[in-house]
Amino acid sequence: MRNSVYKFWAWLTYPFVLLRKFFNKTKHPTPSIDRARVVITYMYLDEVPDRFMEGRVYIIGQKDHRWVLAFCCPCGCGQIIHLNLLPEASPCWSFSIGKGRISITPSIRRINGCHSHFLIKHGQIIWTKG
Ligand SMILES: [Zn+2]
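Everything quoted here is computed from the prediction, not taken from an experiment. (Residues numbered from 1 in each chain as written. Predicted model: local features only at pLDDT ≥ 70, side-chain atom pairs only at ≥ 80, totals over all residues.)

Engineer: Could you clarify how one ought to interpret the sheet that holds strand β5 (residues 94–98) in this entry?
Structural biologist: Pairing between the strands of a sheet is mediated by backbone hydrogen bonds and can be parallel or antiparallel. In space, the 4 strands of this open sheet follow the order β5-β6-β7-β8, with antiparallel pairing throughout. Each edge of the open sheet is held by one strand with a lone partner, namely β5 and β8 (124–127). Averaged over all pairs of adjacent strands, the angle between their axes in this sheet comes to 25 degrees, without regard to strand direction. Judged from the 5 bridges that link them, β5 and strand β6 (residues 101–109) form a sheet pairing that is antiparallel. When the sheet's bridge partners are listed, Ser-94 is paired in β6 with Thr-105. (Pairing = 2+ DSSP bridges. Helix = DSSP H or I, 4+ residues; strand = E, 2+ residues; numbered from the N terminus. Axes fitted to C-alpha atoms, helices over the stretch in contact; angles between N-to-C directions.)

Structure follows, in structure tokens:
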């Protein structure tokens, strides 16, 4: 008798279990796989924008004087990363565009927040261990 009650209860609540599973999935997507496939695009701007699009590097400055790269941290933490391009200041990064894809050197290591460490090479994020 107890067994059949349990079975009935399981049958009754089964749709809710499925629903909960579904909502848990949408709430917590697995970021690592999807983000790895994203191609990083770029855009030239005179000034740092008010809004950032994820997966886009903004190259800030005038045509002959680019001074900073700005973009959303690719880990998804929502922080904005600014990379200095001026060789007279340190640390300093440089970028290159090849076949419409951006590369940035050296690697980018966040010393606070999410502590992400990665490279952007030919428009791809390459995560670095440690
Ligand atoms: Zn991050």
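Engineer: Teacher, can you tell me more about the sheet that holds strand β3 (residues 65–72) here?
Structural biologist: Pairing is mixed in the open sheet, where 4 strands are placed in the order β1-β2-β3-β4. Edge positions in the sheet fall to β1 (41–45) and β4 (80–84), since each has one partner strand and no second. Within the sheet, the average angular offset between the axes of one strand and its neighbour, ignoring direction, is 25 degrees. Alignment of strand β2 (residues 56–62) against β3, held across 5 bridges, turns out to be antiparallel. Each residue of the ladder has a partner; that of Ile-60, found in β3, is Val-68.

Engineer: Sorry, what's going on with the pairing of β8 here?
Structural biologist: For strand β7 (residues 117–121) and β8, the ladder comprises 4 bridges, and the chain directions are antiparallel. Within the sheet, the bridge partner assigned to Ile-120 lies in β8 and is Ile-125. In this antiparallel pair of consecutive strands, β7 and β8, the connection spans 2 residues, and His-122 shows a positive phi of 50 degrees.

Engineer: How do you make sense of the nonpolar core when you look at a structure like this?
Structural biologist: Buried together is how nonpolar side chains tend to be arranged in soluble globular proteins. Within the largest apolar cluster, 10 residues are counted, these being Ile-40, Val-57, Tyr-58, Ile-60, Leu-69, Phe-71, Ile-102, Ile-104, Ile-108 and Ile-120. Only β2, β3 and β6 provide two or more residues apiece to this core. Residues contacting Phe-71, with those up to four places away along its chain left out, are Phe-52, Arg-56, Val-57, Tyr-58 and Ile-81. (Core = buried A, V, L, I, M, F, W, Y, C linked by C-beta atoms within 7 Å. Buried ≥ 20, exposed ≤ 12 C-beta atoms within 10 Å, placed from the backbone. Contact = placed C-beta atoms within 7 Å.)

Engineer: I'm lost on the environment of Val-68 in this one. Help?
Structural biologist: Position of Val-68 relative to the elements: it lies in strand β3. The class of Val-68 is partly exposed, set by 16 C-beta atoms lying within 10 Å. Here the alpha-carbon distance between Val-68 and Leu-86, two residues 18 residues apart in the chain, equals 7.6 Å.

Engineer: Got a minute to help me understand the environment of Glu-47 in this structure?
Structural biologist: Summarising the element assignment, Glu-47 is placed in the loop between β1 and β2. Residue classification places Glu-47 among the exposed residues on the basis of 10 C-beta atoms within 10 Å. Distance from Glu-47 to Gly-61, taken between C-alpha atoms, is 6.3 Å for residues 14 residues apart in sequence.

Engineer: I would appreciate a short explanation of unusual backbone geometry in the present structure.
Structural biologist: Among all residues except glycine, the phi angle is most often negative; among peptide bonds, the trans geometry is most common. Between Ser-90 and the following residue, Pro-91, the backbone shows a cis peptide bond with an omega angle of 0 degrees. Here Pro-91 shows up in the loop between β4 and β5. For the peptide bond that leads from Thr-105 to Pro-106, omega is -10 degrees, which places it in the cis range. Mapped onto the fold, Pro-106 is located in strand β6. If you check the backbone angles, His-115 has positive phi at about 60 degrees while not being a glycine. Structurally, His-115 is set in the loop between β6 and β7. For His-115, a count of 11 C-beta atoms within 10 Å translates into the label exposed. One non-glycine residue, His-122, adopts positive backbone phi at about 50 degrees.

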